[in-house]
Amino acid sequence: MPSRRMRTKIQRKVRKARKGAARKKEARNKGTTPKFPIHI
């Protein structure tokens, strides 16, 4: 069984990795180019 400290470290790492997942998934589906014209 891992120590409480190691468990915390692992959980923190997982949380950090998961943070941008929703945004990245959305970007994959929609694309990242804005709808308005970039150059006027």
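Residues numbered from 1 in each chain as written. Predicted model: local features only at pLDDT ≥ 70, side-chain atom pairs only at ≥ 80, totals over all residues. Heavy atoms only, no water.

Enquirer: Looking at this structure, I do not really get the overall build of the protein. What am I missing?
Expert: Scanning the protein for helices and strands turns up two helices and zero strands. Referenced to the eigenvectors of the C-alpha coordinate spread, the extents of the protein come out at roughly 60 × 20 × 5 Å. Split into buried and exposed, the 40 residues of the protein put 2% on the buried side. (Helix = DSSP H or I, 4+ residues; strand = E, 2+ residues; numbered from the N terminus. Buried < 20%, exposed > 50% of the residue type's maximum accessible area, 1.4 Å probe, protein only.)

Enquirer: Please explain the pattern of salt bridges as it appears in this structure.
Expert: A side chain of one charge can pair with a side chain of the opposite charge if their charged atoms are brought near each other. In total, this model carries one salt bridge according to the counting rule given. The partner of Lys 30 in a salt bridge is Glu 26, and the shortest N-O contact between them spans 3.7 Å. Note that Lys 30 and Glu 26 are positioned in helix H2 (residues 21–30) at a spacing of four residues, about one turn of the helix. (Salt bridge = Lys/Arg side-chain N within 4 Å of Asp/Glu carboxyl O.)

Enquirer: For this particular structure, what's the right way to read a nonpolar patch on the surface?
Expert: Taken together, the side chains of Met 6, Ile 10 and Val 14 define a hydrophobic patch exposed on the protein surface, amounting to about 230 Å² of accessible area. With respect to the secondary-structure elements, Val 14 resides in helix H1 (residues 4–18). For Val 14, a relative accessible area of 33% corresponds to the partly exposed category. (Patch = residues over 30% accessible without salt bridge, like charges linked within 9 Å, V, L, I, M, F, W, Y side chains within 5 Å. Areas by Shrake-Rupley, 256 points an atom, 1.4 Å probe, with all protein chains shown as cover.)

Enquirer: Looking at this structure, how should I read H2?
Expert: Within an α-helix, residues lying three or four positions from one another point in the same direction, as the helix has 3.6 residues per turn. Here H2 lies mainly on the outside; zero of its ten residues are buried. Following H2 by one or two positions, Gly 31 has its phi on the positive side, about 95°.

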